[in-house]
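# Architecture at a glance
Each chain is listed here by its residues.
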Amino acid sequence: SAVACVVVGAANEKLREVHQVGTLPLLGAEVLQVHAPPFVTKESASSETHGHAPAFSRVQRRRSFIKKKKERAGIANGETAKGSDGGGGTTTEDISVPKDLDLIALPQLCFPGGLQIASEQREDSYHYLVFTDVFGNRTHAVVVQYYRPIQSSRLYTAYGICVISKYPYYNALRDCLSCLLTQLKPSWMGDFEERVKEFSAKLALVPIPPPGQLHVVFNLRPLQIGLPSREDKDRPAIDLDLHLPFLCFRPRQLLQIITSLLIEQRVVLLSCDWARLTLLAESLMLFIHPLVWQHPFVPILSRQMLDFLMAPTAYLMGCHLHHYAEVAAETDDLILVNIDDGTVSSSWSDGIDLPDVPLAAAECFITRVEGLQVHYDLEVCHLGDSTEVNARRAQRKQWQSKLNTHIQNITLELIVNIFREVHDHLNYEHRVFNSEEFLKSREPADQPFYKKVLDTHIFHSFLRDRLTRKMDAFTRMELSTRTEAYRLRSMTESPRRPTMQELARKYTSPESRLSKRLGASLPNLGESGASLAGPLRQTSFKNIQVDSGRFRWTAVGMKSPQRPVRFFKLPEFPPPLAYHYVQNYYQEMITLLGKAISGVASGDSSLLARYHYLRGFVNTVAGKRLDALEDFQNLYKTDTDIFPGELVNALVDSLQEGEQALADRRPEIKHLISRVKRDHERERARHVDEGVKRFQLPKKHMQLEDFVRHVQESGIVKDQGTIHRLFEALTVGQQKQVDPEIFRVFYTFWKETEAEAQEVALPASALEHLEANECVFKLSSSVKTSHGVGKIAMTQRRLFLLTEGRPGYMEVTKFRDIEEVKISSAPFLLLRIPSLKIKTTLRKETFEVNLKSEVDLWHLMVKEMWAGRKMADDHKDPQYMQQALTNALLMDAVVGCLQSQKAIFAATKLAHFDRMKLEVPLMVPKSTSETLKHKINPSLGLTSPQAVDVLLYTPGKLSGTLSGDGNPKLWCALSDGKVVVFDAASWSMQQNQVQVGTSRVNCMLGVDRQQVWIGSQDSVIYIISTRSMSCKQQLTDHRSEVTGLINEHPKVAYSCSAEGAVIVWDVSTLQVRKRFRVSCDRLQSVQLCNGTLWCCKYTYKHKNRVLKITSGCTILLEQLWTACIDVGELCVWHLREPTKPFQRIQLPDCAGVTCLIKVKNQIWVGGRGWSSGKSRGKIYVVDAQRHTVEKELVAHTDCVQALCSAEDRYVLSGAAREDGKIAIWKVE
């Protein structure tokens, strides 16, 4: 790790003056020494004496740093320094100053209170610094002030030793300085510089551990020092005590400080202890993760720097407490945080004017914090004291590490509870956040907080990450705590309205009305159960499982599984200033890491990846570039999450000509180099356009394309087909462009209707009759009906009457029970008033309602809902009902905004299902209706349907958790490497999207119940962990698209690629066991049967034509079944005599087969054919013994592309792009 060391103190001349004067003044500190890498170079080694390198050069030139500074200043002023040869060249410096380090300000920061001469020895004092460059990159430092006697005097002077690192290892660097002081204190002043330089050079040899559970440990006598790793690549390493803020502040004060950061105030921390300032400031930065502070961050200001507080921007700064009155009086609009008193105040008033954190999130946070055990002594009071200092330190560190994890979970939960519903208001395609709608959906009491937060840089940066679907700690927690009800609700595209469950909550007693979004919610304090999250007091809650309708939080959700930590112990340090010793040290480290790699338990790919990372890093600094690339290639295969792309890219750029030639001869390394370059270019291109737009109403006339974009950005509807029909409706009888004023009125009407639905007041009798997830979408004005006066209400399932006078409920009809809907006119005095008549199958009399001017609109809406319900029932596809509902609500908005004679005619353009019912009565064949169980739409949330390329079912685990992780899953591959995951117990979408490359997925395989292997057109096999639902591993041994995957048993898997390569894999180690090649035009798939591997080729002759075999050849009852993509027949072959098929089975009305699978004693065949004169996706169920077609199933409007079996009880089929849906079939 690149570590620099700077020594700061008073110049000798000034110390002599103090000795003569005899007073104890404050002196100005100066930089006395700077030690920075590189400490040794190959060039310096060549000048060493014939291979006998001295361990240390004790006769080094000790020119003072001050003298060098003066020389440099002279050169800067135009003087020329004469070289030893008397020539006119400038002198070369043998001292390197760390880049971007401001040596002018450093003495003030090392002695922020000034350098005080003392009359007696004082205790060593530590504090911590943070430097930020213009790009926002931070450098961290630990400073120790220690006193030495002034020569020939009874006075003492302080020296500051400052260790500077790119990484925030505060505790480790403090411990390193403690070890250094044990050497410095007894030594002569003459050895001082040499010892500090050796110390710096040793620290420069220590590698930084990779993200994950591998820590680095080294000996720096008398202590053993540990460098903890980062939890993941998006978080910094945590090497400080995160509970310190909880010892200083009560939870409500902490929330005030966090609020002031989230709304980007000017915050000043104050304390009498310089160390507290940085430790508290750094803790606060970690508490708001993954939001990142974007403004000046200076935790320590010296006396001379206080004018920094006049800066007009937001900032977080710290200064000594005795400046409190001065700071408060001089500067307005400051949030003053007194760490020593635990108070938060403002410089402009006695009180503090900050908006409150949203109530639900705040209450949850406070309850969590009250349950934390932050006192180490209570934890160890039952233990004896260890006699060994390193054992004691290790015990304390283990406790601190656990506590830090629990605190991170609590603060992350706070951030998730505050911002979790942001994603409901994002449009990913156009990178738009609808802030106005998000604000409207907040509780009134929470709105002041959100109004301020939404305009900050910190939130804008957070939005950018959400829109790129970043899978960070926030996303993982947000996904894992969603309720099943919310997941099911998110499976529909219907506009948001309050459900009956939410309305019931709204109308219950005031006490239970804390919040309709009661965060992870307040726990039931009476419950008992398993401990929540680590050290909790006895009085705290134990088990939480609250379902707020939106999301759930449980003890299980809070307790992130802690993987066991491993330690890699570095060898004893060599003499660090001699090149050959340093190179031998690197070699020793590489050897130790090699032993560690060979000793990793089979299947522990996570640990293996981290050892490869470390060895690759050490090989890089040792100059062994090709060995480093080989390690990084192994890392890329094992865990792409921690792959250091920038480091490897720089390594590739540094390859010399000979090394480049050697790399080109090694296919794997050549492949890695091209991939790294490609990823680097893609990353650079990605950063060009990553802005976030706020939704704005259009200002110009819109053609169709612009109209589609604006509607999608508005969040009203995403589906392109629906938006095209809306465009037709809004441009009826005129030029095909939408006026921005019409769009504004339409949008306003839509949003007003949405807002009115929030205020619908239903009597208790209505709430009793309706289902929990029903919503009222339309409410008529007060009208006369055949059952009295009242208002007609429409939900997604039914129409009902809210009677007036004595409020009551009367069901009119469920949509599926309607027989006829028509408009007639009822006589009233001399007038005839238009009325709507609804006839149902469950009631003899017709229900009549005098809707007056609303009758035409209600007629259209009810007919569309009826048609949608019938389609949904016939096709077992609830999405038809959702689409019909969206169509009906759009009709309502169109009529509301046009307000003209043509409004109703315009609305008919949206009567999609009603028109389909009239034009082509879609009769579902009886066999299809009986076999089909359900349909789901994997393209939900996308702008148009996507083809279902591959389906895979993975069985569940008996040890399933409360979160549903143990449930069976359905994996669905869509276009461009998108994989959507469904919970197969409820068919709710578990994961919107797992991205595996950007190419088409060809095949998927469940391996060992813990992994899913995905073969892609880009020649890579991506491995997804079913636990983390992320892709961290890749197999890159194939050289063309991966076309097939199969496994014989949990330990061995086979893969094949188009050019004919077949690879046999060891599943636990991911190593290649064997590889061979099949000669063919294209290898389509592989199948295993009785120890024989069958390879399905691209072509074979059939009736004098060359035909493509589908990827779905299968083996059953000692027979091989094959089919062709452009012939409607199956061929059956004897395995013993595969020269020609002994049986051909004609598939009726079939134009070609795309897939086939075996299920029990049946062959299920998917393809395309004709039904009722139209091209359709068809499935044929063939009896494998009798060789007859038992069933012909029609459920897709496009070709069936994928089939998979769910434990032989269900078969799932996926269709091409025109349909894009998944059908679930029952197996007889």
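Residues numbered from 1 in each chain as written. Predicted model: local features only at pLDDT ≥ 70, side-chain atom pairs only at ≥ 80, totals over all residues. Heavy atoms only, no water.

## Description of the overall build of the protein chain
Basically, it comes down to this: In DSSP terms, a helix is any run of H or I states spanning at least four residues, a strand is any run of E spanning at least two, and both are numbered starting from the N terminus. Buried residues are those whose accessible area, probed at 1.4 Å on protein chains only, stays under 20% of the maximum for their type, while exposed residues exceed 50% and partly exposed ones sit between those limits. Any two residues having at least one pair of non-hydrogen atoms within 4.5 Å are treated as being in contact. Computed with the Shrake-Rupley method and a 1.4 Å probe, the accessible areas treat only the protein chains shown as cover for residues.
Tallying secondary structure elements over the protein chain gives 35 helices and 56 strands in all. Residues counted as buried form 56% of the 1228 residues belonging to the protein chain. Long-range pairs, those at least 24 residues apart, make up 59% of the contacts in the protein chain between residues at least 6 apart in sequence. Summed over its atoms, the accessible surface of the protein chain is roughly 54,500 Å², and 51% of this surface lies on carbon and sulfur atoms.

## Here's the deal with the nonpolar core
In plain terms, the rule: Residues grouped as a nonpolar core are buried Ala, Val, Leu, Ile, Met, Phe, Trp, Tyr and Cys residues, joined through side-chain atoms within 4.5 Å.
Membership of the largest hydrophobic core comes to 177 residues, with the highest contact counts inside it found for Ile 161, Phe 218 and Phe 419. Apart from residues lying up to four places away in sequence, Ile 161 is in contact with Cys 5, Val 6, Val 142, Val 143, Val 144, Tyr 146, Leu 177, Leu 180, Leu 181, Leu 184 and Phe 192. In terms of nonpolar packing, the next biggest core, distinct from the first, is built from 66 residues, Ala 729, Phe 847, Tyr 880 and Cys 897 among them.

## Here's the deal with the confidence of the model for the protein chain
Just so we agree on the cut-off: Every residue carries a pLDDT, the predictor's confidence in it, which falls somewhere between 0 and 100.
With 85% of its residues at a pLDDT of at least 70, the protein chain reaches an overall mean of 83. No element of the protein chain has a lower mean pLDDT than helix H3 (residues 65-76), at 40, and none a higher one than helix H9 (residues 274-287), at 97. This model gives residues 49-97 a pLDDT under 50, and the stretch forms 57 contacts once residues within four places in sequence are excluded. Predicted confidence for residues 959-963 stays below pLDDT 50, and this span has nine contacts to residues more than four positions away or in other chains.

## As for the pairing of strand E34 (residues 1001-1007)
Worth spelling out the cut-off: Paired strands are those between which DSSP finds at least two bridges.
With respect to burial, E34 is a largely interior element, six of its seven residues being buried. Inspection of the sheet shows E34 paired to strand E35 (residues 1011-1016) by six bridges, in the antiparallel sense. Note that in E35 the partner of Met 1004 across the bridge is Ile 1014. Once E34 ends, the chain turns through three residues before running back antiparallel as E35, passing Asp 1008 with a positive phi of about 60°.

## Considerations on the packing of aromatic side chains
Heads up, the condition is: Working definition: a ring pair exists when centres of Phe, Tyr or Trp rings (six-membered ring for Trp) sit within 6.5 Å. Plane angles under 30 degrees give stacked, over 60 give edge-to-face, the rest tilted.
Per the counting criterion, the structure on display carries 25 aromatic pairs. Here Phe 462 and Phe 474 contribute two aromatic rings whose centre-to-centre distance is 5.0 Å and whose plane-to-plane angle is 80°, an arrangement assigned as edge-to-face. One end of the pair, Phe 462, is in helix H16 (residues 457-467); the other, Phe 474, is in helix H17 (residues 473-480), and twelve residues separate them in sequence. Across the pair, exposure class does not vary: Phe 462 and Phe 474 are buried alike. With 5.5 Å between their ring centres and 55° between their planes, Phe 707 and Phe 727 make a pair best called tilted.

## Quick word on the side chain of Ser 988
Using the following cut-off: Polar contacts, as used here, are pairs of N or O atoms within 3.5 Å; protein pairs need one atom able to donate a hydrogen and one able to accept it. Residues neighboring in sequence count only if both atoms are side-chain atoms.
Here Ser 988 shows up in strand E33 (residues 988-995). Polar side-chain contacts of Ser 988 include one of 2.9 Å to the side chain of Ser 986.

## Overview of the sheet that holds strand E16 (residues 432-433)
On the basis of which strands lie adjacent, the open sheet formed by three strands has the order E15-E16-E20 and mixed pairing. For this open sheet the edge positions go to strand E15 (426-427) and strand E20 (693-694), each flanked by a neighbour on one side alone.

## Notes on the sheet that holds strand E50 (residues 1150-1159)
What counts, and what does not: Axis angles are defined between N-to-C directions and span 0 to 180 degrees, where every axis is a line fitted to C-alpha atoms and, for a helix, only to the segment in contact.
Across the sheet, four strands lie side by side as E50-E51-E52-E53; this open sheet has antiparallel pairing. The strands lining the two open edges of the sheet, one partner per strand, are E50 and strand E53 (1188-1196). On average, adjacent strands in this sheet sit at an angle of 25° to one another, irrespective of strand direction. Inspection of the sheet shows strand E52 (residues 1174-1183) paired to E53 by seven bridges, in the antiparallel sense. What sits directly across from Tyr 1180, in E53, is Glu 1192.

## With respect to the packing of helix H21 (residues 579-598) against helix H22 (residues 605-621)
Basically, it comes down to this: Oblique is the label for every angle not falling under 35 degrees (roughly parallel), over 145 degrees (roughly antiparallel), or within 65 to 115 degrees (roughly perpendicular). By the definition used in this description, the sense in which the near helix is turned from the far one sets the handedness, with an anticlockwise turn below a right angle giving left-handed and a clockwise turn giving right-handed. Residue type decides the class: Asp, Glu, Lys and Arg count as charged, Ala, Val, Leu, Ile, Met, Phe, Trp, Tyr, Cys and Pro as nonpolar, and the leftover types, Gly among them, as polar.
One can describe the packing of H21 onto H22 by two numbers: an axis separation of 10 Å at closest approach and a directional angle of 160°. Between H21 and H22, the angle is such that the two are roughly antiparallel. Considering the relative orientation of H21 and H22, their crossing is left-handed. For the pair H21 and H22, the contacting residues are Tyr 586, Met 589, Ile 590, Leu 593, Gly 594, Ala 596 and Ile 597 in the first and Leu 608, Tyr 611, His 612, Leu 614, Arg 615, Val 618, Asn 619 and Val 621 in the second. By residue class, the composition of the contact of H21 with H22 is eleven nonpolar, three polar and one charged.

## As for helix H32 (residues 878-898)
To keep things clear, this is the line we draw: In this analysis, the expected span of each helix is defined as 1.5 Å times one less than the number of residues it contains.
Look at H32: 31 Å from first C-alpha to last across 21 residues, which is about the 30 Å you get at 1.5 Å a residue. Along H32, 19 of the 21 residues are buried, which leaves the element largely enclosed by surrounding structure. Downstream of H32 by one or two residues, Gln 899 has phi in the positive range, about 50°.

## Looking at the packing of helix H5 (residues 170-184) against helix H6 (residues 189-203)
Between H5 and H6, whose axes approach to 11 Å, the crossing angle comes to 150°. What the angle tells us is that H5 and H6 run roughly antiparallel. As for how H5 packs across H6, the hand of that crossing is right-handed. Contact residues: H5 offers Leu 173, Cys 176, Leu 177, Leu 180, Gln 183 and Leu 184, while H6 offers Phe 192, Arg 195, Val 196, Phe 199 and Leu 203. Along the lines of polarity and charge, the residues of the contact of H5 with H6 split into nine nonpolar, one polar and one charged.

## Points about the pairing of E52
In terms of burial, E52 is a largely internal element, eight of the ten residues being buried. The loop that links strand E51 (residues 1162-1171) with its antiparallel partner E52 comprises two residues; one of these, Ser 1172, has a positive phi angle of about 50°. Adjacent in sequence and paired antiparallel, E52 and E53 are bridged by four residues, among which His 1187 carries a positive phi angle near 60°.

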